[in-house]
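Observations on the model geometry
In case you want the letters, here they are:
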Amino acid sequence: MMDLSPSSSTAMTSSKDAAFYFKRSKDKFSTGDVEGAFADLDQSIFLAPDNVEYRWERVNLRYEAKEYQPAVEDFSAIIQYSKDAEELIVAHRKRSIFLEVLGRYDDLLADLDWLIAHNAATDGHYTWRGHHKVLKGLFSEAVEDFTAALKLRPNTNNTLLVRANAYSRLK
């Protein structure tokens, strides 16, 4: 006997339907039907909002289309739903770029803080955070970030220069 309880049939149908729409969106992209492909991709995400693979597909397409705010929303969902450490690092790194473009500097700093706290930051991330701390007038914290960047990549002229500038502003 087949189980037709609401929870059983909904889960099976939604999962199958989401996969169907996702596959169909890829097919439509390959034939040049971009509008139809996005509609199907949106439908697959509507039916399976926690499916990170679908979100990655859409965020990459949104990046190409320079749709930064919707891309940030997809990155935020990836960060919310993913359990994979590497995937989270990539999502925070890429989202931070879009946050910069959108002028959302406090959110950008939060992403840079996350990367640093999770030992996933490069010298560039420390320098970037230091730059934004200088803009906020947090010169002492900026010096700490520039110094951390220099520990990762010593004798970087630009970082030495901006650290010297931050020191100067501290008086």
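Residues numbered from 1 in each chain as written. Predicted model: local features only at pLDDT ≥ 70, side-chain atom pairs only at ≥ 80, totals over all residues. Heavy atoms only, no water.

Across the chain, pLDDT averages 90, with 91% of residues at or above 70. The lowest-confidence element of the chain is helix 1 (residues 6-31), averaging 73 in pLDDT; the highest-confidence one is helix 6 (residues 105-117), averaging 98. Between residues 1-15, whose pLDDT stays under 50, and residues either more than four places distant or in other chains, the model counts 3 contacts. (pLDDT = per-residue confidence, 0-100. Helix = DSSP H or I, 4+ residues; strand = E, 2+ residues; numbered from the N terminus. Contact = heavy atoms within 4.5 Å.)

What follows is about helix 9 (residues 157-170). Compared with the 20 Å implied by 1.5 Å per residue over 14 residues, the 20 Å span of helix 9 between its first and last C-alpha is a close match. K171 lies just past helix 9 and shows a positive phi near 65°. (Expected span 1.5 Å × (residues − 1).)

This part covers the pattern of salt bridges. By the definition in use, this model includes 17 salt bridges. Of the charged contacts, one joins R62 and D74 as a salt bridge, the two residues approaching to 2.9 Å between their closest N and O atoms. With R62 in helix 3 (residues 52-64) and D74 in helix 4 (residues 68-81), this pair connects stretches of sequence that are 12 residues apart. In this structure R62 comes out as buried when scored by relative accessible area, which is 12%. In this structure D74 comes out as buried when scored by relative accessible area, which is 0%. Notably, a salt bridge pairs D107 with R104, separated by 2.8 Å at the nearest N-O pair. A single salt-bridge network, built from bridges that share partners, covers D42, R55, R58, R62, E67 and D74. (Salt bridge = Lys/Arg side-chain N within 4 Å of Asp/Glu carboxyl O. Buried < 20%, exposed > 50% of the residue type's maximum accessible area, 1.4 Å probe, protein only.)

Compared with the 20 Å implied by 1.5 Å per residue over 14 residues, the 20 Å span of helix 4 between its first and last C-alpha is a close match. Next to the buried residues of helix 4 lie helix 3 and helix 5 (85-102).

Turning to the packing of helix 7 (residues 123-135) against helix 8 (residues 139-152), a few remarks are in order. Helix 8 packs onto helix 7 with a crossing angle of 165° between their chain directions and a minimal axis gap of 8 Å. If you check the angle between helix 7 and helix 8, you find them roughly antiparallel. Crossing of helix 7 over helix 8 shows left-handed handedness. Two secondary-structure elements touch here, helix 7 through D123, Y126, T127, R129, G130, H131, K133 and V134 and helix 8 through F139, E141, A142, D145, F146, A148, A149 and L152. Along the lines of polarity and charge, the residues of the contact of helix 7 with helix 8 split into 8 nonpolar, 3 polar and 5 charged. (Axes fitted to C-alpha atoms, helices over the stretch in contact; angles between N-to-C directions. Parallel < 35°, antiparallel > 145°, perpendicular 65-115°, else oblique. Left-handed = near helix turned anticlockwise from the far one by under 90°. Nonpolar A, V, L, I, M, F, W, Y, C, P; charged D, E, K, R; others polar.)

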